[in-house]
Amino acid sequence: ARLLTASDDRTARIWDAASGAEMLCLKGHTANAWSSCFSPDDTLVATASLDGTVRLWDSSSGAVFRTLGGHKDGVTSVRFSPDGACFATGSGDRTIRVWDTRPLYQGGLLRIRNRELTEGTFALRQSLLCNREHVRDEPDSD
């Protein structure tokens, strides 16, 4: 089993749960890494950072698979859906972005605007479908 941590030193680390030994150090963010998670199939790691980006990493090699921008403030939370079809990011810009992993190579993005998100309150429900006809943009209330 493996554990995953995000840190103020701008890294995420994968640890061997049995021995406590560091297996991989994921470096690349330019500000604190605030959140991290494994994809349901354990092949990817997603990290969220105050640098405003989310990075997807190969969980075996530590290579960066993709760097995603778009939030206007630091990204403080990231979670995959239980089936791995999408993942959501939350930011200090008061938005949640739901990213469809299926067309990720084409930059697929679904966005739900003006929703506050905190690490302690966010959970993707299994019923969330990553399909444009099921997720709608809400008008800004600001």
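What comes next is a walk through the structure. Quick caveat, the model's predicted, so the values are computed rather than measured.

1. A short note on the packing of aromatic side chains
A full pass over the atoms with the stated rule returns two aromatic pairs. Taking the centre distance of 5.4 Å and the plane angle of 50° together, the rings of Phe-80 and Phe-87 count as tilted. Each member of the pair Phe-80 and Phe-87 is classed as buried. Here the aromatic rings of Phe-87 and Trp-99 are separated by 6.2 Å at their centres, their planes lie at 10°, and the arrangement is stacked. Of this pair, Phe-87 sits in strand 9 (residues 86-91) while Trp-99 sits in strand 10 (residues 96-100); the two residues are twelve residues apart in sequence, bridging distant segments of the chain. Exposure remark for Trp-99: the relative accessible area of 4% places this residue in the buried category. A network of ring pairs unites the aromatic residues Phe-80, Phe-87 and Trp-99 as a single cluster.

2. Considering unusual backbone geometry
With a phi angle near 65°, Asp-42 is a residue other than glycine that sits in the positive phi range. Locating Asp-42 in the fold gives a position in the loop between strand 4 (33-38) and strand 5 (44-49). Given a relative accessible area of 39%, Asp-42 falls into the partly exposed group.

3. Notes on the pairing of strand 1 (residues 2-6)
Inspection of the sheet shows strand 1 paired to strand 2 (residues 11-16) by five bridges, in the antiparallel sense. From the neighbouring strand, Arg-2 faces strand 2, where its bridge partner is Asp-16. Turn length for the strand 1-strand 2 hairpin, with the two strands adjacent in sequence and antiparallel, is four residues, and the turn residue Arg-10 shows positive phi of about 75°.

4. Thoughts on the sheet that holds strand 2
Read from one edge to the other, the open sheet built from three strands follows the order 1-2-3, with strand pairing classed as antiparallel. A strand with exactly one partner marks an edge of an open sheet, and here the two such strands are strand 1 and strand 3 (22-27). In this sheet, adjacent strand axes meet at a mean angle of 15° when their direction is disregarded. Two elements, strand 2 and strand 3, share five bridges in a ladder whose sense is antiparallel. By the bridge assignment, Trp-15 is partnered in strand 3 with Glu-22.

Rules and cut-offs
Residues numbered from 1 in each chain as written. Predicted model: local features only at pLDDT ≥ 70, side-chain atom pairs only at ≥ 80, totals over all residues. Heavy atoms only, no water. Phe/Tyr/Trp six-rings, centres within 6.5 Å; stacked < 30°, edge-to-face > 60°. Buried < 20%, exposed > 50% of the residue type's maximum accessible area, 1.4 Å probe, protein only. Helix = DSSP H or I, 4+ residues; strand = E, 2+ residues; numbered from the N terminus. Pairing = 2+ DSSP bridges. Axes fitted to C-alpha atoms, helices over the stretch in contact; angles between N-to-C directions.

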